[in-house]
Amino acid sequence: MKTLFYFYLTLLSLACFACEDDSSPNPVMPGESINKIMPLGASRVQGARPVFESYRYELWKLLVDADYTFDYIGTREDDANYPEFSGMEFDDDHEGRGGWTSGQILDGIEDWMSQTGEIDIVLFSSPGGNDALQGLSYDEAISNVNEIIDLIQSANPDVTIIIEQLAPGRSDIMTDELATYFDQIQSDVVEIATQQSTARSPVIAVDMATGFTDALLADAVHYNEAGAAFIADRYFAVLEDVLDR
């Protein structure tokens, strides 16, 4: 229990560092690309350079290098500095909020979608991760994840949702309680993907846990540059079969 308490305090302090004012200073313009991608989740999506990384930049470089036409969309922007790649500036739009739980994402998703316009692809990061760290109900987290998917599919019946089997935290903070939670959600995410997929809207589980090691973490739970590249590679392998040309 002491280790779990330490884990939560570490995450909370880093999440607070990463958080921004939730209001956007500029109106959000709906994306026009043939591949409108919303990175959705908490601090692993938001990132907090130079303290820890989001996978978004590494994935963006892979997609640019593969010559895809795409647009990250979301109501959030990034204050960090990212080098240009292939003469292009990083598209920093996203929907990541440090420390947010599945219930908070559920409460906000309809408003965010109303601002961004129709989404083609959602990258649903670490579902239920912060619920575990805050000791919230597992069953409620699973219910929230299903409802989030329902709302996204209601907004666009042709959306593709890629949902993570989330990567673990650093081994020294993975208590028996947390390990049990993470193991359970790995299998439940696969079941959610199967049950929520429709003929028009596939929900695809992507395994971020297998092969993920402490060397890929900047702290107890967040990615370093190598970890961000690991996650980006896993997403890219799925997106190659999803994106339109």
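The sections below set out a description of the structure shown in this document.

What counts as what
Residues numbered from 1 in each chain as written. Predicted model: local features only at pLDDT ≥ 70, side-chain atom pairs only at ≥ 80, totals over all residues. Heavy atoms only, no water. Helix = DSSP H or I, 4+ residues; strand = E, 2+ residues; numbered from the N terminus. Buried < 20%, exposed > 50% of the residue type's maximum accessible area, 1.4 Å probe, protein only. Contact = heavy atoms within 4.5 Å. Areas by Shrake-Rupley, 256 points an atom, 1.4 Å probe, with all protein chains shown as cover. Axes fitted to C-alpha atoms, helices over the stretch in contact; angles between N-to-C directions. Parallel < 35°, antiparallel > 145°, perpendicular 65-115°, else oblique. Nonpolar A, V, L, I, M, F, W, Y, C, P; charged D, E, K, R; others polar. Phe/Tyr/Trp six-rings, centres within 6.5 Å; stacked < 30°, edge-to-face > 60°. Lys NZ or Arg CZ within 6 Å of the ring centre and 35° of its normal. Pairing = 2+ DSSP bridges. Lys, Arg positive; Asp, Glu negative; His and termini not counted. Salt bridge = Lys/Arg side-chain N within 4 Å of Asp/Glu carboxyl O. Polar contact = N/O pair within 3.5 Å; in protein donor to acceptor, adjacent residues only side chain to side chain.

1. Quick look at the overall build of the protein chain
- Across its full length, the protein chain carries eight helices and six strands.
- Each helix (α) and strand (β) of the protein chain, taken in turn from the N terminus, gives the series α-β-α-α-β-β-α-β-α-α-β-α-β-α.
- Across the 245 residues in the protein chain, those meeting the buried criterion constitute 56%.
- A separation threshold of at least 6 residues defines the contact pool for the protein chain, and within that pool the share at least 24 residues apart is 78%.
- Surface exposure of the protein chain reaches about 10,800 Å², of which carbon and sulfur atoms provide 50%.

2. Here's the deal with the packing of helix α4 (residues 102-116) against helix α6 (residues 138-155)
- Contact geometry for α4 and α6: axes closest at 9 Å, N-to-C directions at 10 degrees. For the element pair α4 / α6, the angle class is roughly parallel. Along its contact with α4, which presents Ser102, Gly103, Ile105, Leu106, Ile109, Glu110 and Met113, the element α6 presents Ala141, Asn144, Glu147, Ile148, Leu151, Ile152 and Ala155.
- Along the lines of polarity and charge, the residues of the contact of α4 with α6 split into nine nonpolar, three polar and two charged.

3. Considering the packing of aromatic side chains
- Evaluation of the coordinates by the stated rule reveals 15 aromatic pairs.
- Between Tyr138 and Tyr181 the ring centres are 4.9 Å apart and the planes differ by 85 degrees, which places this aromatic pair in the edge-to-face class. You can see Tyr138 sitting in helix α6 and its partner Tyr181 sitting in helix α7 (residues 176-196), a full 43 residues away along the chain. The same class applies to Tyr138 and to Tyr181, which are both buried.
- Measuring from centroid to centroid gives 6.4 Å for Tyr181 and Phe182, while their planes differ by 55 degrees, and the two rings are tilted.
- One aromatic cluster in this structure is built from Tyr57, Trp60, Phe70, Tyr72, Tyr82, Phe85 and Phe90.
- Looking at Arg97, its charged tip hangs above the ring of Trp100, at a distance of 5.1 Å from the centre.

4. Quick word on the pairing of strand β4 (residues 121-124)
- The two faces of β4 match: Ile121 and Leu123 on one face and Val122 and Phe124 on the other face are all buried.
- Where strand β1 (residues 36-41) lies against β4, four bridges are found, and the strand directions are parallel. Each residue of the ladder has a partner; that of Pro39, found in β4, is Leu123.
- As paired elements, β4 and strand β5 (residues 160-165) share four bridges and run parallel to each other. Bridging across to β5, Val122 finds its partner in Ile161.

5. With respect to the side chain of Asp219
- Within the element layout of this structure, Asp219 appears in the loop between β6 (203-207) and α8 (225-239).
- The side chain of Asp219 is buried and forms no salt bridge, while Arg170, the nearest opposite charge, is found at 6.1 Å.
- In terms of polar contacts, Asp219 uses its side chain to reach the backbone amide nitrogen of Val221, at 2.9 Å.
- Polar contacts involving the side chain of Asp219 include one to the main-chain amide nitrogen of His222, which spans 2.7 Å.

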